[in-house]
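# Architecture and fold: a report
The residues making up each chain are set out below.
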Amino acid sequence: IYAQPFGEQLFPQTLIETILSQAARRTHQLSSALIWAAAQGEFDPTLKQILVDLLSGKPIQAGQLTQLAQTGFSSGLDGLAGALCLLEYYLFRS
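Anyway, here's the lowdown on the structure attached to this text. Because the structure is predicted, anything quoted here is derived from the model rather than measured. Numbers given for residues are sequential positions, taken from 1 along each chain in its written order. Per-residue local features of the predicted model are confined to residues with pLDDT of at least 70, and side-chain atom pairs are confined, for both listing and counting, to 80 or more; whole-chain, interface and lining totals are unaffected and use all residues. Side-chain descriptors were evaluated using all non-hydrogen atoms of the structure, hydrogens and water having been removed beforehand.

### Description of the overall build of the protein chain
Heads up, the condition is: For helices the rule is a DSSP run of H or I covering at least 4 residues; for strands it is a run of E covering at least 2, with both sets numbered from the N terminus onward. By the convention used here, residues are in contact when the closest approach between their heavy atoms is within 4.5 Å. Only the protein chains shown count as cover for residues, and the accessible areas themselves come from Shrake-Rupley with a 1.4 Å probe.
Within the protein chain, the secondary structure is distributed over five helices and two strands. Listing every helix and strand of the protein chain by position from the N terminus yields β-β-α-α-α-α-α. In the protein chain, the proportion of contacts linking residues at least 24 apart, taken out of those at least 6 apart, comes to 46%. Accessible surface computed for the protein chain: about 6,500 Å², of which carbon and sulfur atoms make up 59%.

Here is the structure:
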């Protein structure tokens, strides 16, 4: 929702507020909290380390993925998927 490291809000504020409102009513408390944190530019430290490792050419450790997989039903891996999409956007946009 918000690309804190890039100092850029990706979506209009009204859309972010709608997403946050819907998440609070339509998803689990953990997922809602993670979405709220993403809107503030914050994310899981394990996820952050995975991204740092990827960008510096280091291999991803199985334990890191296991830790993310144990976050919520699918929230950890969903967060990784979203972060990778964002990373791809910034690395390959023309």
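### A short note on the environment of Thr27
Here is the rule we go by: Each residue gets one of three labels from its accessible area relative to the maximum for its type: buried under 20%, exposed over 50%, partly exposed in between, using a 1.4 Å probe on protein chains only.
Mapped onto the elements, Thr27 comes out in the loop between α1 (13-26) and α2 (29-39). On the basis of relative accessibility, which here comes to 33%, the residue Thr27 falls in the partly exposed class. Once residues within four sequence positions are removed from consideration, Thr27 is found in contact with Gln22 and Ser32.

### Side note on the nonpolar core
The line we're drawing: Nine residue types can take part in a nonpolar core, namely buried Ala, Val, Leu, Ile, Met, Phe, Trp, Tyr and Cys, and a core is a set of them joined through side-chain atoms within 4.5 Å.
Counting seven residues, the largest nonpolar core is built from Leu47, Ile50, Leu51, Leu68, Leu80, Ala83 and Leu87. Counting residues per element, the ones that place at least two in this core are α3 (45-55) and α5 (75-92). Leaving out residues up to four positions away in the same chain, Leu68 has contacts with Asp44, Thr46, Leu47, Ile50, Gly76, Leu77 and Leu80.

### Describing the packing of α1 against α2
Rules: In this analysis an axis means a line fitted to C-alpha atoms, helices contributing only their contacting stretch, and an angle means the value between N-to-C directions, from 0 to 180 degrees. Convention used here: angles under 35 degrees read as roughly parallel, angles over 145 as roughly antiparallel, angles from 65 to 115 as roughly perpendicular, and any remaining angle as oblique. In this scheme the crossing of two helices becomes right-handed for a clockwise turn of the near helix relative to the far one and left-handed for an anticlockwise turn of less than a right angle.
At a minimum axis separation of 9 Å, α1 and α2 run at an interaxial angle of 165°. As far as their axial angle goes, α2 and α1 are roughly antiparallel. When you trace α1 past α2, the crossing you get is left-handed. Residues Ile16, Ile19, Leu20, Ala23 and Ala24 of α1 touch α2, and the partners they reach there are Ser32, Ile35, Trp36 and Ala39.

### Here we look at the environment of Asp53
Checked against the element boundaries, Asp53 lands in helix α3. Setting aside residues no more than four positions away along its own chain, Asp53 makes contact with Lys58, Pro59, Ile60 and Gln64.

### What to know about α3
Here is the rule we go by: Note that the arc is computed from the directions linking the helix axis to the C-beta atoms. Polar contacts, as used here, are pairs of N or O atoms within 3.5 Å; protein pairs need one atom able to donate a hydrogen and one able to accept it. Residues neighboring in sequence count only if both atoms are side-chain atoms.
Within the span of α3, buried status applies to Thr46, Leu47, Ile50, Leu51 and Asp53. Angular distribution of buried residues about the axis of α3 spans 160°; they occupy a single face of the element. Structural note: α3 exposes Pro45 and Leu55 on the side pointing more than 90 degrees away from its buried face. Structurally, α3 contributes buried residues whose contacts are with α4 (62-69) and α5. The N-capping residue of α3, defined by a side-chain oxygen 2.7 Å from the backbone nitrogen of Thr46, is Asp44.

All we've got here are geometric facts, nothing functional implied.
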